[in-house]
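# Descriptive structure summary
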Amino acid sequence: AVITVDSFAGGGDLTVTDSGAATFTNAVSAGTVTLTDTTGTITFSGDLTAATALATTANGYNVSIAGSSNSIAGDTTFANTGTITIGDGAGDSTTFAGGLDTTVVGGTKTLSGSVITTDAQMDLDAVTLGAAVILDTGTAATSIMNVGAVTSGANALTLDSGADASAVITVDSFAGGGDLTVTD
């Protein structure tokens, strides 16, 4: 069944399972967010706040985080085999404080706005830019950034892993006509 929820507040745990799709039209503030055994797309249209990592399973669903200011506290590894959309505009900001890994995802990974980790590693595999994007991993030696092939669609990409020489940035390729900036 398709699930539509206006909002979720209070910091309790939220699990989406066995749905045909799920849409949260306004803010979600949860302890743990678990996405499992679902088809279709799980959409967070409002701001998403999770006190731990976002937990996903290896099922064929899509995830869309479209709020303007999103914060996930733990180290998040997306395991879903559909698509991922993080942000839907250049002004959006999504922080995965403990780190971010999208390398398992089989479908397209579309990014818009700022995607941030807090002195933690970011592993993105191939990505498509939906708008201007800033990838920022903080300033520590652990602020390593690995990005696959980037399709910019004429959108700008800024990469920032701080000034620590151990915080290496690796990008497989960059195509599509957008501007590429590497900064500390």
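Structure's up top.
Residues numbered from 1 in each chain as written. Predicted model: local features only at pLDDT ≥ 70, side-chain atom pairs only at ≥ 80, totals over all residues. Heavy atoms only, no water.

## Overview of the nonpolar core
The nonpolar side chains of a soluble globular protein tend to be buried, and buried together. Short version of the rule: Only buried Ala, Val, Leu, Ile, Met, Phe, Trp, Tyr and Cys residues count toward a nonpolar core, and they belong to the same one when joined by side-chain atoms within 4.5 Å. Throughout this description, buried means an accessible area under 20% of the type-specific maximum (1.4 Å probe, protein chains only), exposed means over 50%, and partly exposed covers the range between. Helix and strand definitions follow DSSP, with helices as H or I runs of at least four residues and strands as E runs of at least two, each counted in order from the N terminus. Residue contacts are defined here by distance: any two heavy atoms, one from each residue, within 4.5 Å place the two residues in contact.
With 36 residues, the main nonpolar core has V33, L35, F44, F78 and L135 as its most contacted residues. Looking at this core, the element that brings in the most residues is strand β17 (residues 127-136), giving four residues. If sequence neighbours within four positions are ignored, F44 has contacts with L14, F24, V28, V33, L35, S64, I65, A66 and G67.

## Considerations on the environment of G98
If you trace the backbone, G98 turns up in the loop between β13 (93-96) and β14 (100-101). Setting aside chain neighbours within four positions, we find G98 in contact with A73, G74, D75 and A120.

## Notes on the sheet that holds strand β8 (residues 54-56)
Heads up, the condition is: In this description, strands pair whenever DSSP reports at least two bridges between them. To obtain an axis, a line is fitted to C-alpha atoms, over the contacting stretch when the element is a helix, and the angle between two such axes runs from 0 to 180 degrees between their N-to-C directions.
Here we have three strands laid out as an open sheet, ordered β2-β5-β8, and parallel in their pairing. Each end of this open sheet is capped by a strand with a single partner; those strands are β2 (14-17) and β8. Neighbouring strand axes in the sheet, compared pairwise and without regard to direction, differ in orientation by 10° on average. Bridge count between β2 and strand β5 (residues 33-36): four bridges; the pairing is parallel. Bridge pairing in β5 links V16 to L35.

## Considering the pattern of salt bridges
We count it as follows: Salt bridges are defined by distance alone: a side-chain nitrogen of Lys or Arg within 4 Å of a carboxyl oxygen of Asp or Glu.
This model, assessed by the stated rule, comprises one salt bridge. The partner of D125 in a salt bridge is K109, and the shortest N-O contact between them spans 4.0 Å. Placement of the pair is D125 in the loop between β16 (122-123) and β17 and K109 in strand β15 (residues 109-116), with a sequence separation of 16 residues. Take D125: its relative accessible area is 32%, and that puts it in the partly exposed class. The buried category is assigned to K109, whose relative accessible area is 6%.

## Overview of the side chain of D160
Spelled out, the test is: Counted charges follow a simple rule, with Lys and Arg positive, Asp and Glu negative, and His plus the chain ends left uncounted. Two N or O atoms form a polar contact when they lie within 3.5 Å of each other; inside protein one atom must be a possible hydrogen donor and the other a possible acceptor, and for residues adjacent in sequence the pair counts only when both atoms belong to side chains.
Tracing the backbone shows D160 in strand β19 (residues 157-160). Although D160 lies buried, it forms no salt bridge, and the closest oppositely charged side chain, K109, sits 23 Å away as judged by the N-O distance. There is a polar contact of 3.0 Å between the side chain of D160 and the backbone nitrogen of G162. With near-sequence residues (within four places) excluded, D160 lies in contact with L135, D136, T137, G138, M145, I169, T183 and D184.

## Here's the deal with unusual backbone geometry
In this structure, D18 takes a positive phi of about 55° despite not being glycine. By the secondary structure assignment, D18 is in the loop between β2 and β3 (21-24). Classification of D18 by relative accessible area gives exposed; the value is 59%. In this structure, A154 is a non-glycine residue whose phi angle is positive, near 70°. Mapped onto the fold, A154 is located in the loop between β18 (145-151) and β19.

## Here's the deal with the side chain of S19
With respect to the element layout, S19 can be found in the loop between β2 and β3. What makes S19 buried here is its relative accessible area of 5%. Within the structure, the side chain of S19 is placed 3.4 Å from the side chain of T38, a separation counted as a polar contact. Excluding residues that lie within four positions of it along the chain, S19 makes contacts with A1, I3, D37, T38 and T39.

## Describing the environment of D92
Following the sequence through the fold, D92 ends up in the loop between β12 (84-86) and β13. Owing to a relative accessible area of 8%, D92 belongs among the buried residues under this scheme. It is 9.2 Å that separates the C-alpha atoms of D92 and V133, two residues lying 41 residues apart in sequence. Look past the residues within four positions of D92 in its chain and what remains in contact with it is A66, G67, S68, G87, S112, G113 and S114. Side-chain polar atoms of D92 contact the backbone nitrogen of D88, separated by 2.7 Å.

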